[in-house]
Amino acid sequence: HITSHHTVHRLTQHITHHTHMELSNLTTGLEALAGFGVVLSTERKASLSVSLRLLKNAEKFARVAYWGTITAGNRDYIIAHGVDKNTLVGRKYFYSTDGLTWAQLPVVHPLIQTASAQITQNFTGNPAFEYSVVEKVHSLAPVPTELVSIRKQQPNEDGSMTVTSTITEEKRLAATISRIDEDAAIVPRGSYRLTLAGNVEVNPSFTGLSLADASKQSMYLHARPAINLSQKTIIERSKLDPSFDFLDPISDDIPKGCWRAQYDRSAHVAVVRNLLWPGFVAYHQPGTPRHGYVYHGNGCKNADICFMLP
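Residues numbered from 1 in each chain as written. Predicted model: local features only at pLDDT ≥ 70, side-chain atom pairs only at ≥ 80, totals over all residues. Heavy atoms only, no water.

Caption draft 1: Representation of the pairing of strand E2 (residues 63–70) in the model. Burial analysis of E2 places 8 of its 8 residues in the buried class, which makes it a mostly covered element. Judged from the 7 bridges that link them, E2 and strand E3 (residues 77–83) form a sheet pairing that is antiparallel. The partner of isoleucine 70 across the bridge, within E3, is tyrosine 77. Connecting the antiparallel pair E2 and E3 is a turn made up of 6 residues. Two elements, E2 and strand E16 (residues 291–297), share 3 bridges in a ladder whose sense is parallel. Residue pairing across strands places isoleucine 70 opposite glycine 297, the latter belonging to E16. (Buried < 20%, exposed > 50% of the residue type's maximum accessible area, 1.4 Å probe, protein only. Helix = DSSP H or I, 4+ residues; strand = E, 2+ residues; numbered from the N terminus. Pairing = 2+ DSSP bridges.)

Here it is in structure tokens:
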């Protein structure tokens, strides 16, 4: 059992059979996305299928999914995440550089989360690599106790503070994954439901979106607690089904046009891409409950998004 992000799982037995993954739909999903540049070798898919199953059993997760790959200088980071029954909270993330050994990523303090967003260089592939991030802040709040060793403040003449944070690549990796999920992780409407007890769970009755709805952005919802729902008018909310419309639709996202949804007839799959995070691709096969998403990119947000939109 993993008790900290320093503990790792090691796959020791010989791979002798193919294990079907639950949430990730690993083979189906990757086949559907192959035309969009998301490709894993046969060997990598086989090792992931087994090692993710072992991770799921060791952590007693309800589901485990292949999240994606963040490219790095020396070696890429392969990412997986596990969820308990309530699928929008308590998500844990793991990384690997070989598809066999998994280490749990740490939970990152919000101040370090914000500071890490300033880093624009590519990942090195060394989890222990340290970045130095300098920020000018106007808050005179003291440094939280748990950050004293990695966050230094220097007062300026104008009353502001110059704050220097030392951030390991492992923490930057965790913060980046969290930001990508916050902005881009999505699910088809109806695939999750809100129970009377207030829990979010996979909807076992979900049979997929219709062909007509599968390429509509309004039919895809953010896979995180709603942020914008409370801003809707009473009339708008009266038209919503509380069991299924408890998440934010991506059609309300700003900037407008940051999503692209299309239906690929040859592969019989709807594909939704996020332009803020190049390399993020979600898929759904209409008329089936199959859906998922992966991210294959360098972990850097698109700073030129405003120049790409009409």
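Caption draft 2: Here's a closer look at the sheet that holds strand E7 (residues 151–155). Taken together, the 3 strands give an open sheet; going across it, the order is E6-E8-E7, and neighbouring strands pair in antiparallel fashion. Two strands lie at the open edges of the sheet, namely strand E6 (130–137) and E7, each paired on one side alone. Within the sheet, the average angular offset between the axes of one strand and its neighbour, ignoring direction, is 20°. Relative to strand E8 (residues 161–168), E6 runs antiparallel, the two sharing 8 bridges. Paired with tyrosine 131 across the two strands is isoleucine 167, which belongs to E8. (Axes fitted to C-alpha atoms, helices over the stretch in contact; angles between N-to-C directions.)

Caption draft 3: Representation of helix H2 (residues 42–59) in the model. With 18 residues, H2 extends 26 Å from end C-alpha to end C-alpha; this agrees with the ideal 26 Å at 1.5 Å per step. Within the sequence span of H2, burial applies to Ser47, Leu48, Ser49, Val50, Ser51, Leu52, Leu55, Lys56 and Glu59. Backbone geometry just downstream of H2 places lysine 60 in the positive-phi region, at approximately 55°. (Expected span 1.5 Å × (residues − 1).)

Caption draft 4: Focus on the nonpolar core. One finds Trp67, Leu173 and Phe280 to be the most contacted residues of the largest nonpolar core, which totals 50 residues. Among the elements that take part in this core, helix H4 (residues 169–184) stands out by supplying 5 residues, more than any other. Filtering out sequence-adjacent residues up to four positions away, tryptophan 67 remains in contact with Ile79, Ala80, His81, Tyr93, Ile177, Ile180, Asp181, Tyr293, Val294 and Tyr295. (Core = buried A, V, L, I, M, F, W, Y, C linked by side-chain atoms within 4.5 Å. Contact = heavy atoms within 4.5 Å.)

Caption draft 5: Local environment of the environment of proline 286. In this fold, proline 286 is placed in the loop between strand E15 (280–284) and E16. Under the relative-accessibility criterion, proline 286 is labelled buried at 6%. Considering only alpha carbons, one finds proline 286 and proline 188, 98 residues apart in sequence, at a separation of 9.9 Å. Setting aside chain neighbours within four positions, we find proline 286 in contact with Leu209, Ser210, Leu211, Ala214, Tyr263, His268, Val269 and Ala270.

Caption draft 6: Region of the structure containing unusual backbone geometry. Residue proline 255 follows isoleucine 254 across a cis peptide bond; omega there is 5°. In this fold, proline 255 is placed in the loop between helix H5 (234–238) and strand E13 (259–264). Unusually for a residue other than glycine, lysine 60 sits at a positive phi of about 55°. Topologically, lysine 60 is positioned in the loop between H2 and E2.

Caption draft 7: A look at the pattern of salt bridges. Applying the stated criterion across every chain, the model contains 8 salt bridges. Note that lysine 301 is salt-bridged to aspartate 183, the shortest N-O span being 3.3 Å. Of the two residues, lysine 301 sits in the loop between E16 and helix H6 (305–308) while aspartate 183 sits in helix H4, which places them 118 residues apart along the sequence. For lysine 301, a relative accessible area of 45% gives the class partly exposed. A salt bridge links arginine 224 to aspartate 248, with the nearest nitrogen and oxygen atoms 3.2 Å apart. One end of the pair, arginine 224, is in the loop between strand E12 (220–222) and H5; the other, aspartate 248, is in the loop between H5 and E13, with 24 residues separating them in the sequence. Of the two residues examined, arginine 224 and aspartate 248, each falls in the buried class. (Salt bridge = Lys/Arg side-chain N within 4 Å of Asp/Glu carboxyl O.)

Caption draft 8: Geometry of H4. Taking 1.5 Å per residue, 16 residues should reach 22 Å; H4 reaches 22 Å between its end C-alpha atoms and fits that length. Burial within H4 is extensive, with 12 of its 16 residues counted as buried. For H4, the full list of buried residues reads Glu169, Glu170, Arg172, Leu173, Ala174, Ala175, Thr176, Ile177, Arg179, Ile180, Asp181 and Ala184.

Caption draft 9: Quick look at the confidence of the model for the protein. Per-residue pLDDT for the protein averages 83, and the proportion of residues at 70 or more is 82%. The lowest-confidence element of the protein is strand E1 (residues 8–9), averaging 41 in pLDDT; the highest-confidence one is H4, averaging 96. (pLDDT = per-residue confidence, 0-100.)

Caption draft 10: Representation of the packing of aromatic side chains. Per the stated rule, a full pass over the model turns up 7 aromatic pairs. Taking the centre distance of 5.7 Å and the plane angle of 45° together, the rings of tryptophan 67 and tyrosine 295 count as tilted. Of this pair, tryptophan 67 sits in strand E2 while tyrosine 295 sits in strand E16, and the two are 228 residues apart along the sequence. Side by side, tryptophan 67 and tyrosine 295 carry an identical accessibility label, which is buried. Between phenylalanine 280 and tyrosine 293, the ring centres sit 5.3 Å apart and the planes meet at 35°, which makes this aromatic pair tilted. Of this pair, phenylalanine 280 sits in strand E15 while tyrosine 293 sits in strand E16, and the two are 13 residues apart along the sequence. For the residue pair phenylalanine 280 and tyrosine 293, the accessibility class agrees, reading buried in each case. An aromatic cluster is built from Tyr77, Tyr95 and Phe123, whose rings are joined through pairwise contacts. Across from the ring centre of phenylalanine 123, 3.8 Å away, lies the NZ or CZ of arginine 172, which sits over that ring. (Phe/Tyr/Trp six-rings, centres within 6.5 Å; stacked < 30°, edge-to-face > 60°. Lys NZ or Arg CZ within 6 Å of the ring centre and 35° of its normal.)

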